[in-house]
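Coordinate analysis (summary)
Each chain, written out:
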Amino acid sequence: QRMLLGGDSAGGNLALGTAQAIQAQGLPLPTALLLFSPWLDLTGHSPSRLANAASDVMLSQQVLDEAAALYAPGMALDDARLSPLFGPLAGLPPCLLVASRAEILIEDARRLQQQMLAAGGQVELLEWANTPHAFPVMARYLPEGRAALDQTARFIRQRLT
């Protein structure tokens, strides 16, 4: 009842996919989800992958395509076990999304927010300008990362009290 599930980038994929698997098995869900710059659609059909190709200093379409091929050789990339954006979203716990408008994965976060809201879920998306992919994990070096972690801590306190 006091467990939160989270991850950044591919870890965000695993966290959302794990929550979906927990729900499918009828087990108690975590209290909340925390996803930083999640990679939720391995198919690569996201407008931000092209639009932000020059502004994302950490990821590229090529890197993501190669990682997807290594992660699941021979599997369809739109399989919800690989791309949880295509899986069931209704009934999932409240979710906090943190992403940068400059990264190629911003559309994954935006689409998850839209789809969770459409499914009746609670989701908050914090978009930051001019920050790198998964910037909250760089809080030691980036003031924006520290600020994002402060907002994350508030979200956690709200869910655990």
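This write-up is about the structure you can find in this document. (Residues numbered from 1 in each chain as written. Predicted model: local features only at pLDDT ≥ 70, side-chain atom pairs only at ≥ 80, totals over all residues. Heavy atoms only, no water.)

Let's talk about the nonpolar core
Core analysis: the biggest nonpolar cluster contains 19 residues, and Leu16, Leu35, Cys95, Leu97, Leu112 and Met116 have the highest contact counts within it. Where this core is concerned, the elements lending two or more residues are helix H1 (10-24), strand E2 (32-36), strand E3 (95-100), helix H4 (106-118) and strand E4 (123-128). The element best represented in this core is H4, accounting for four residues. The contact partners of leucine 35, leaving out residues within four places of it in the chain, are Gly7, Gly12, Ala15, Leu16, Cys95, Leu96, Leu97, Val98 and Leu112. Membership of the second largest hydrophobic core comes to ten residues, among which are Leu34, Trp128, Phe135 and Phe155. (Core = buried A, V, L, I, M, F, W, Y, C linked by side-chain atoms within 4.5 Å. Buried < 20%, exposed > 50% of the residue type's maximum accessible area, 1.4 Å probe, protein only. Helix = DSSP H or I, 4+ residues; strand = E, 2+ residues; numbered from the N terminus. Contact = heavy atoms within 4.5 Å.)

Description of the pattern of salt bridges
Within the structure shown, the criterion is met by six salt bridges. For arginine 111, the salt bridge identified is with aspartate 41, shortest N-O distance 2.9 Å. One end of the pair, arginine 111, is in helix H4; the other, aspartate 41, is in the loop between E2 and helix H2 (47-51), with 70 residues separating them in the sequence. Within this structure, Arg101, Glu107, Arg110 and Glu127 form a network of salt bridges that share partners. (Salt bridge = Lys/Arg side-chain N within 4 Å of Asp/Glu carboxyl O.)

Section: unusual backbone geometry
Phi is positive for serine 37, which is not a glycine, with a value near 45 degrees. With respect to the element layout, serine 37 can be found in the loop between E2 and H2. For serine 37, a relative accessible area of 1% corresponds to the buried category. At alanine 134, a position not held by glycine, the phi torsion is positive, near 55 degrees. You can call alanine 134 buried: its relative accessible area is 5%.

As for the sheet that holds E2
What the four strands build is an open sheet, ordered E1-E2-E3-E4; its pairing is parallel. Strands at the two margins of the open sheet, each flanked by one partner only, are strand E1 (4-8) and E4. With direction set aside, neighbouring strand axes in the sheet form an average angle of 10 degrees. Where E3 meets E4, six bridges bridge the pair, whose relative direction is parallel. (Pairing = 2+ DSSP bridges. Axes fitted to C-alpha atoms, helices over the stretch in contact; angles between N-to-C directions.)

Here we look at the pairing of E3
The buried fraction of E3 is high, at six of six residues. Of the two faces of E3, the one holding Cys95, Leu97 and Ala99 and the one holding Leu96, Val98 and Ser100 are both buried throughout.

Some words on the side chain of serine 46
The topology assignment puts serine 46 in the loop between E2 and H2. When near neighbours in sequence (up to four residues on either side) are disregarded, serine 46 contacts Ile104, Glu107, Asp108 and Arg111.

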